[in-house]
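# An overview of the molecular structure
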Amino acid sequence: MVGCSASQGEGGATQLLNVSYDPTREFYQEYNQAFAKHWQAETGEKVTFRQSHGGSGKQGRAVIDGLDADVVTLALGYDIDAIQEVGKIEEGWQNRLEHNSSPYTSTIVFLVRKGNPKGIKDWDDLLKDDVEVITPNPKTSGGARWNYLAAWAYALENNNGDEKKAKAFVKELYTHVPVLDSGARGSTTTFVERGIGDVLLAWENEAFLALNELDKDKFEIVAPSLSILTEPPVAVVDQVVDKKGTRKVAEAYLEYLYSEEGQELAAKHYYRPINPDVQKKYEDQFPELNLITVDDTFGGWQKAQQTHFSDGGIFDQIYSK
Amino acid sequence: MSKRRWRVSPLPGFGPTMGFTLLYVSLIVLIPLSAIFIKTIGLGWSDFWNVVTEPRVVASYRLSLLTSLAAAGINVVFGVLVAWVLVRYHFPGKKLMDGLVDLPFALPTAIAGIALTSLYTPNGWLGKWLDPFGIDVAYTPIGITVALTFIGLPFVVRTVQPVLQTLNKEVEEAASSLGATPAQTFFRVILPELLPAVVTGFVLAFSRALGEYGSVVFISGNMPFKTEIAPLIIMTKLEQFDYEGAAAVAFVMLLLSFILLILINGFQTHWENRRSKWRGVH
């Protein structure tokens, strides 16, 4: 499910390819226009864009296998780390831009059916007998890994850091999952269109989309007492921009995400801005939550991936016989 | 039949055409497949064995094999029926129906998967009639079988159809005028003629189903040990950037398909030989 949209500028315009994950399509369409305008005002140069969207891991592999992305804007640092490992991106990429190179953030929330008939308020409620939980498969979906880690972090917090109990909690949680879709959009469809399950674990921006663009009167968002700060990071693909001579504009493109205009657009597309002023403006939209980070609670993505999601990891153990 | 295998054709050009054939088959089939083999070698034997015999992976082979077998079996019965109706009868809309048979070929399989899933979920058009009886289709092996049946249908119809067309109606008439019942005519006169085509159709549908991903992944529910097909396991390994592990599972699937195809080819040759001998006697 890769969509490419090429906006044709006049001849001689620089063209950037932004390889991203699924839910950012509309956001970057708008942002690209804003940046092109800004760049032309600043330098007089024209810049046009191509966008490619798909599952985050799949997009990462495409870049590893030779898709000539100037910039990657993916769902997990882990997927960009994988590109770094083959040498296309230089080490330390995550420190090159502010805020872990994540210009906007989000979190994991619950989307429940209108009126919240099962009374779901927090992670504990997901384990009630008659509750069915919809979440994609963490083995195939980057988004689903955040869901899983959020649940784990909650269980850890409520059991004084007891990993055994956290494991039991998460294991129990997944017995409430009737379908493991392979991607986040698939799970949203299962919950929203097919009417399966009582609660969807979703990125906050996806939940807003389901609410505002699909059907306002059918769902509501529930924010749990504790969740995870999802940081979808961005990076310049060094090898490609050096080859194509697009480094300057590619770097400016990512930096401009931190500008007020970039932040406004992110907020408009339901991502949490990191600029305090813009944050303040949108504070009604984003409830304050107790948010943990992958770095603090799990020691970074590499470690989280190793422990939980690689073959034979804890997620596999949950399902082993 | 001549015993010489390399009979000289009246048409010139064996050299260049054979050369082209080798090149084409290598580029399109052999080189990509050997890439899988080479990736697999990167693992080493014991790692390879661990990957491909992991219980969850074995469960996925079993599921893929059984649902593919079931789907191909269903298609043999109903595909032959469809081919029969299309060849033997004339009715309005026949051309249209004939065209529809190919639709599963042309349709992106993901679309088929999404469509079938929305039909068969408990609140879908068909699913809501089955739900009261406690029959779940979507997100169960039944759903997988339904998807695989859908994508496999054209293989059986399109292999059986031409054979049926060339079948002499007089032979049937002779059989029945000699006192054969319709069942005898079918089983002793028609079926033996059709069998090689039916078997080919079965195998094509079966091997296609074995590797099917797009249509199944939406309807299967992807639950480990229950509805997780082998191609999904490959995807999960790729998602972890585990190219070797993915290639290892792919290699096993490749081997399975290859063994099946060889067996079937052998069966067909054997069958043809027997039949031509039998014909020679009479």
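Residues numbered from 1 in each chain as written. Chains lettered and ligands numbered in written order. Predicted model: local features only at pLDDT ≥ 70, side-chain atom pairs only at ≥ 80, totals over all residues. Heavy atoms only, no water.

The next thing to look at is the UniProt feature "transmembrane region" (unreviewed entry) in chain B. Residues and elements named next belong to chain B. Within this numbering scheme, the UniProt entry marks residues 21-45, 65-87, 99-118, 138-157, 186-206 and 245-267 as carrying the feature "transmembrane region" (unreviewed entry). Along residues 138-157 one finds 85% helix and 0% strand; the C-alpha atoms at either end are 26 Å apart. Span residues 186-206 is 100% helix and 0% strand, its end C-alpha atoms 25 Å apart. (UniProt positions renumbered as here; feature names shortened; annotations may be inferred. Helix = DSSP H or I, 4+ residues; strand = E, 2+ residues; numbered from the N terminus.)

Let's shift gears to helix 12 (residues 230-239) of chain B. Buried residues dominate helix 12 of chain B, accounting for 9 of its 10 residues. Buried residues of helix 12 of chain B: Ala230(B), Pro231(B), Leu232(B), Ile233(B), Ile234(B), Thr236(B), Lys237(B), Leu238(B) and Glu239(B), and no others. (Buried < 20%, exposed > 50% of the residue type's maximum accessible area, 1.4 Å probe, protein only.)

Another aspect to go through is the confidence of the model for chain B. Across chain B, the average pLDDT comes to 88, with 95% of residues at 70 or higher. Model confidence for the complex: the whole-complex pTM is 0.84, and ipTM, which rates the interface, is 0.81. (pLDDT = per-residue confidence, 0-100.)

This part covers the packing of aromatic side chains. Residues and elements named next belong to chain A. Applying the stated rule across the entire model yields 40 aromatic pairs over all chains. Considering the side-chain rings of Tyr174 and Phe315, the 5.3 Å spacing of their centres and the 80° angle between planes classify their relative orientation as edge-to-face. One end of the pair, Tyr174, is in helix 6 (residues 163-174); the other, Phe315, is in helix 15 (residues 314-319), with 141 residues separating them in the sequence. Accessibility expressed as a relative area gives 3% for Tyr174, which makes it buried. When the centroid spacing of 5.6 Å and the interplanar angle of 40° are considered together, the rings of Phe191 and Phe219 count as tilted. Within this pair, whereas Phe191 is found in helix 7 (residues 184-192), its partner Phe219 is found in strand 8 (residues 219-222), the two being separated by 28 residues in sequence. By the burial criterion, Phe191 is buried, and Phe219 matches it. Taken together, the aromatic side chains of Phe27, Tyr28, Tyr31, Phe35, Trp39, Phe49, Tyr104, Tyr253, Tyr256 and Tyr271 make up a single cluster linked through ring pairs. (Phe/Tyr/Trp six-rings, centres within 6.5 Å; stacked < 30°, edge-to-face > 60°.)

To continue, consider the pattern of salt bridges. Across all of its chains, the model carries 23 salt bridges over all chains by this definition. Residue Lys244(A) pairs with Asp70(A) through a salt bridge whose shortest N-O separation is 2.9 Å. Separated by 174 residues along the polypeptide, Lys244(A) in helix 9 (residues 238-244) and Asp70(A) in the loop between helix 2 (56-64) and strand 4 (71-73) bring together distant segments of the chain. In this structure Lys244(A) comes out as partly exposed when scored by relative accessible area, which is 31%. Given the relative accessible area of 0%, Asp70(A) is considered buried. In this structure, the salt-bridge partner of Lys139(A) is Asp316(A), at a minimum N-O distance of 3.0 Å. Highlighted residues: Lys139(A) in the loop between strand 6 (133-134) and helix 5 (142-158) and Asp316(A) in helix 15, separated in sequence by 177 residues. Residue classification places Lys139(A) among the buried residues on the basis of a relative accessible area of 2%. When salt bridges with common partners are traced through the structure, they connect Lys139(A), Asp311(A), Asp316(A), Arg56(B), Glu228(B) and Lys237(B) into a single cluster. (Salt bridge = Lys/Arg side-chain N within 4 Å of Asp/Glu carboxyl O.)

Attention shifts here to the interface of chain B and chain A. If you look at the interface, chain B gives 27 residues, while chain A gives 33 residues. For the pair chain B and chain A, the two sides together bury roughly 2400 Å², of which 54% comes from carbon and sulfur. Among the residues of chain B in contact with chain A, Glu239(B), Gln240(B) and Phe241(B) are the three that bury the most area, contributing 29% of the side total. The interface formed by chain B and chain A contains 10 residue pairs in polar contact (both at pLDDT 80 or more). (Contact = heavy atoms within 4.5 Å. Buried area = accessible area lost by both parts, 1.4 Å probe. Polar contact = N/O pair within 3.5 Å; in protein donor to acceptor, adjacent residues only side chain to side chain.)

Moving on, we come to the pairing of strand 5 (residues 104-113) of chain A. All names here are of chain A. Burial analysis of strand 5 places 9 of its 10 residues in the buried class, the great majority of the element. Of the pairings in the sheet, the one linking strand 5 to strand 11 (residues 272-273) comprises 2 bridges and is antiparallel in character. Across the sheet, the residue bridging to Tyr104 is Pro273, located in strand 11. As defined by bridge partners, strand 5 adjoins strand 9 (residues 226-230) across 2 bridges and the pair is classed as antiparallel. Bridging across to strand 9, Ser106 finds its partner in Thr230. With 5 bridges joining them, strand 5 and strand 7 (residues 199-203) adopt antiparallel strand pairing. Within strand 7, the position partnered with Val112 by the bridge is Val199. (Pairing = 2+ DSSP bridges.)

Before going further, it helps to examine the packing of helix 8 (residues 141-166) of chain B against helix 10 (residues 182-210) of chain B. Residues and elements named next belong to chain B. Where helix 8 contacts helix 10, the axes come no closer than 8 Å and their chain directions differ by 155°. Considering their axes alone, helix 8 and helix 10 lie roughly antiparallel with respect to each other. Crossing of helix 8 against helix 10: the hand is right-handed. Contact residues: helix 8 offers Leu148, Ile151, Gly152, Phe155, Val156, Thr159, Val160, Val163 and Leu164, while helix 10 offers Glu193, Leu194, Ala197, Val198, Thr200, Gly201, Phe202, Leu204, Ala205, Arg208 and Ala209. A per-class count over the contact of helix 8 with helix 10 returns 14 nonpolar, 4 polar and 2 charged. (Axes fitted to C-alpha atoms, helices over the stretch in contact; angles between N-to-C directions. Parallel < 35°, antiparallel > 145°, perpendicular 65-115°, else oblique. Left-handed = near helix turned anticlockwise from the far one by under 90°. Nonpolar A, V, L, I, M, F, W, Y, C, P; charged D, E, K, R; others polar.)

Turning our attention to unusual backbone geometry. Residues and elements named next belong to chain A. In this structure, His99 takes a positive phi of about 55° despite not being glycine. Secondary-structure assignment places His99 in helix 4 (residues 98-101). Look at His99 and you get partly exposed, because its relative accessible area is 38%. Positive phi, close to 60°, is recorded for Ser101, a residue that is not glycine. Mapped onto the elements, Ser101 comes out in helix 4. For Ser101, a relative accessible area of 0% gives the class buried.

Residue and element names in this part refer to chain A. Position of Thr43 relative to the elements: it lies in helix 1 (residues 25-43). Take Thr43: its relative accessible area is 32%, and that puts it in the partly exposed class. When the C-alpha atoms of Thr43 and Val249 are compared, they prove to be 10.0 Å apart, with 206 residues separating the residues in sequence. Separated by 3.1 Å, the side chain of Thr43 and the backbone nitrogen of Glu45 make a polar contact.

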